[in-house]
Structure formats: C-alpha cells, structure tokens
Amino acid sequence: MKNLNNLTAVIVTYKTSENIIFDCLKSIDPSVKVHIIENSEKFIHKEKILSNFSNVEVWCTGDNLGYGNGNNFGLKLVKTDYAFILNPDVVCEKDFFNKVDNVLTKVKNFTIIGCQYLNDKIFMPAGYFNKKKNEKFKRDFMNDNVEVLSKVEWVTGCSMLINLKKFNDREIFDKKFFLYFEEVDLCKSVINKGENIFSSKDLKIHHLGFKSSLEGDVEGKENLNKVREWHWMWSSFYFYKKNYNYLYALYQMIGKFIKSLFKLLFYSITFQRNKKDKYLYRFLGLYNSFLDKPSNFRGEK
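Residues numbered from 1 in each chain as written. Predicted model: local features only at pLDDT ≥ 70, side-chain atom pairs only at ≥ 80, totals over all residues. Heavy atoms only, no water.

### Description of the packing of aromatic side chains
So, point 1. A complete count under the given rule lists 29 aromatic pairs for this structure.
So, point 2. Plain terms: the ring middles of Tyr244 and Tyr248 are 4.6 Å apart, the flat faces sit at 35 degrees to each other, and that makes the pair tilted.
So, point 3. On the accessibility criterion, Tyr244 (34% relative accessible area) is partly exposed.
So, point 4. Residue classification places Tyr248 among the partly exposed residues on the basis of a relative accessible area of 31%.
So, point 5. Here the aromatic rings of Tyr267 and Tyr279 are separated by 5.9 Å at their centres, their planes lie at 20 degrees, and the arrangement is stacked. Of this pair, Tyr267 sits in helix α8 (residues 246-269) while Tyr279 sits in helix α9 (residues 273-290), and the two are twelve residues apart along the sequence. (Phe/Tyr/Trp six-rings, centres within 6.5 Å; stacked < 30°, edge-to-face > 60°. Buried < 20%, exposed > 50% of the residue type's maximum accessible area, 1.4 Å probe, protein only. Helix = DSSP H or I, 4+ residues; strand = E, 2+ residues; numbered from the N terminus.)

Printed below as a string of structure tokens:
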C-alpha cells in the first residue's frame, strides 16, 4: 500500500476526551502518519498517546484557532502529497485504508474526495450548490442510485482526502470562519477553479457528532449551544457574502434574522429562557456578520 506512505492524517482537537481520541486513532492504519493538532496550550493525553501509537505526532497551537485555521496549522506541517482531514470523533470502517489506497491509485485528477457515513442517511455527506441538481442527487443517494465515485460540488468536512499538489500553499481554509461552513467554502473555491471533488461510497466512517474540538470549548451544555447558534448564523451569512455578494447574502438570511428577532421577543415575554437564548445568539451571530464583525464569540465564561 505505497499510497499510504504518502498520506498524513490531520486531526484537530480541543480538550477532547481520551476515549474518543483513542477510538479514532485505533481505526487508522499504522502506516499512515498522524498529526494531532491541539487547539490550546497543552495536550493532556500526549504522553499516553505517543506511547501507544508510534505513527502519531502532536503539536499545540497555543490558542483555539477553530476548525479551519487549526487544520491550516496542521497542513503546514505535512510533508506528504495527500492529507486526510479527520475529526477526532470519527471512527473509520474496517479496511477503510485499504480502500483509500485503491482510490488514490485509481483517481489521479482530484482535489478533494469526501467520505460517506456508515449506516446513516439522515445527513447528506455531499451535494451540489445548484438546488435542482442537489435535490436530484439527494433522491438518488437515498435510493442508493449513485456511482461508487460520484462527482459532486461539496462534501462534509469531518473526513476528507485532500490532494495537496493542487494547492500553492497549505493555508487552504479561510481563517475568518471559526465554526461551520469552512469545508463548504473550500469546496466552492475548488469548484470555481474548475477542479474535481468526489464523494466515495467505498470510504465509510462512523461520526459521533459534536464530540470533538468543540466538546471542551465552553463551560457546559448551555454555552455550547450558544456558540453553535451564534456561529451557524455568522458563518452562513459570511459564506453567501463571500461567494456571491452582500445583497444575495441578505436575501438568503433576512428571513432568519427577522424570525430570530420575533422569537427572541416572544420567548422573552413568556419567560422561556432556553428558547430565548437560542434565538438571542442566532440574532447576535447574524447581526455581527451583517456588520462585518469577526467571528470572535467563544461563549460566556
């Protein structure tokens, strides 16, 4: 499996629990180099992991850079032609890396290849920016009527192969994003250059979801939800503004902005605090994005 010697997995963590990281690492072929990028000053599991996995190296960024910029940090350390972006809350299917080797042998002209979920069709792993094409792909995918390797326009970022030969430098993600839409924005830039993105039915993973770099980023579940709501709205508007224009972004998001405001007022006067907070932070995320303010919200300590 010579291709695996030319592959490095990049895993961005943030105070992620030991068992989650161990499950992820145990699912990676030992011939694959692994870079763990801890988005803080100290990786508390370093000694134990290095003693159990000889293919792993660990770096700390010193600060929480977010998903995209954390991966940029890691990609700059990669010396192989191919990188495998992997969330720490992902477990790769048995024989996954044998299939990766086959895919890399057969498919030469690609920039990104996305993986698909094992026994999970609730969340789409890939799609198109055009609404009609996306709906058709979704129907075909649900009916298991897509090719083993489907040419698509975006893939989810929890697990994807990156052909680094297609990039002039390793800062491939827009560091203005902190959470959400980073991989979609990357895919949009790849499509705009006329390059190829694929989704592979052979490459299956199990994704726990919301158990990785964000897990320890805020104090408690309430703060966690505030961060998610804020950044989902901020990143949505920024993505549309960047890739289309301000007016298009406003058209796409103004309804959500008005809905958030009315829901905020309603839940405030009916004393439903949790629901009030949800729409407060959606409103604030969009408001800050409208004003072109940075995505600097990290929760309330």
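Here the narrative resumes, following the displayed structure.
### Description of the packing of α8 against α9
When two helices pack together, their arrangement is given by the angle between the helix axes and the distance between those axes.
So, point 1. Their axes nearest at 8 Å, the elements α8 and α9 cross at an angle of 150 degrees. Taken together, the axes of α8 and α9 are roughly antiparallel relative to one another. Viewed along their axes, α8 and α9 form a crossing whose handedness is left-handed. Contacts between α8 and α9 involve Tyr246, Leu250, Met253, Lys256, Phe257, Lys259, Ser260, Leu261, Lys263, Leu264, Tyr267 and Ser268 on the former and, on the latter, Lys275, Lys276, Tyr279, Leu280, Arg282, Phe283, Leu286, Tyr287 and Phe290.
So, point 2. Of the residues contributing to the contact of α8 with α9, the split by class is 13 nonpolar, two polar and six charged. (Axes fitted to C-alpha atoms, helices over the stretch in contact; angles between N-to-C directions. Parallel < 35°, antiparallel > 145°, perpendicular 65-115°, else oblique. Left-handed = near helix turned anticlockwise from the far one by under 90°. Contact = heavy atoms within 4.5 Å. Nonpolar A, V, L, I, M, F, W, Y, C, P; charged D, E, K, R; others polar.)

### Points about the pairing of strand β6 (residues 112-117)
So, point 1. Taking burial as the measure, the six residues of β6 include six buried ones, the bulk of the element.
So, point 2. Pairing of β6 with strand β10 (residues 159-163) involves three bridges; the strand directions are antiparallel. Bridge pairing links Gly114 to Met160 in β10.
So, point 3. As paired elements, β6 and strand β11 (residues 197-207) share five bridges and run parallel to each other. Each residue of the ladder has a partner; that of Gly114, found in β11, is Ser199. (Pairing = 2+ DSSP bridges.)

### Concerning a positive patch on the surface
So, point 1. On the surface, Lys256, Lys259, Lys275 and Lys278 cluster together to form a positively charged patch.
So, point 2. Among the secondary structure elements, those contributing two or more residues to the positive patch are α8 and α9.
So, point 3. Inspection of the secondary structure puts Lys278 in helix α9. (Patch = residues over 30% accessible without salt bridge, like charges linked within 9 Å, V, L, I, M, F, W, Y side chains within 5 Å. Areas by Shrake-Rupley, 256 points an atom, 1.4 Å probe, with all protein chains shown as cover. Salt bridge = Lys/Arg side-chain N within 4 Å of Asp/Glu carboxyl O. Lys, Arg positive; Asp, Glu negative; His and termini not counted. Charge placed at Lys NZ, Arg CZ, Asp CG, Glu CD.)

### Some points on the side chain of Glu229
So, point 1. Counting through the fold element by element, Glu229 comes out in helix α7 (residues 220-243).
So, point 2. Side chain to side chain, Glu229 and Arg282 meet in a polar contact 2.6 Å long.
So, point 3. In contact with Glu229, not counting residues within four places along its chain, are Lys278, Tyr281 and Arg282. (Polar contact = N/O pair within 3.5 Å; in protein donor to acceptor, adjacent residues only side chain to side chain.)

### Points about the environment of Glu38
So, point 1. Along the chain, Glu38 turns up in strand β2 (residues 33-38).
So, point 2. The class for Glu38 is buried, based on a relative accessible area of 1%.
So, point 3. The spacing of Glu38 and Cys115 is 77 residues in sequence and 23 Å in space, taken between C-alpha atoms.
So, point 4. The residues touching Glu38, leaving out its near neighbours within four places in the chain, are Thr13, Tyr14, Lys15, Phe43, Trp59, Cys60 and Thr61.
So, point 5. Engagement of the side chain of Glu38 in a polar contact is seen with the side chain of Ser40, the distance being 2.6 Å.

### A word on helix α6 (residues 182-192)
So, point 1. Counting buried positions along α6 gives eight out of eleven residues, so the element sits mostly inside the fold.
So, point 2. Within the sequence span of α6, burial applies to Glu182, Glu183, Val184, Asp185, Leu186, Cys187, Lys188 and Val190.
So, point 3. Note on α6: the residue one or two positions beyond its end, Gly194, has a positive phi of about 80 degrees.

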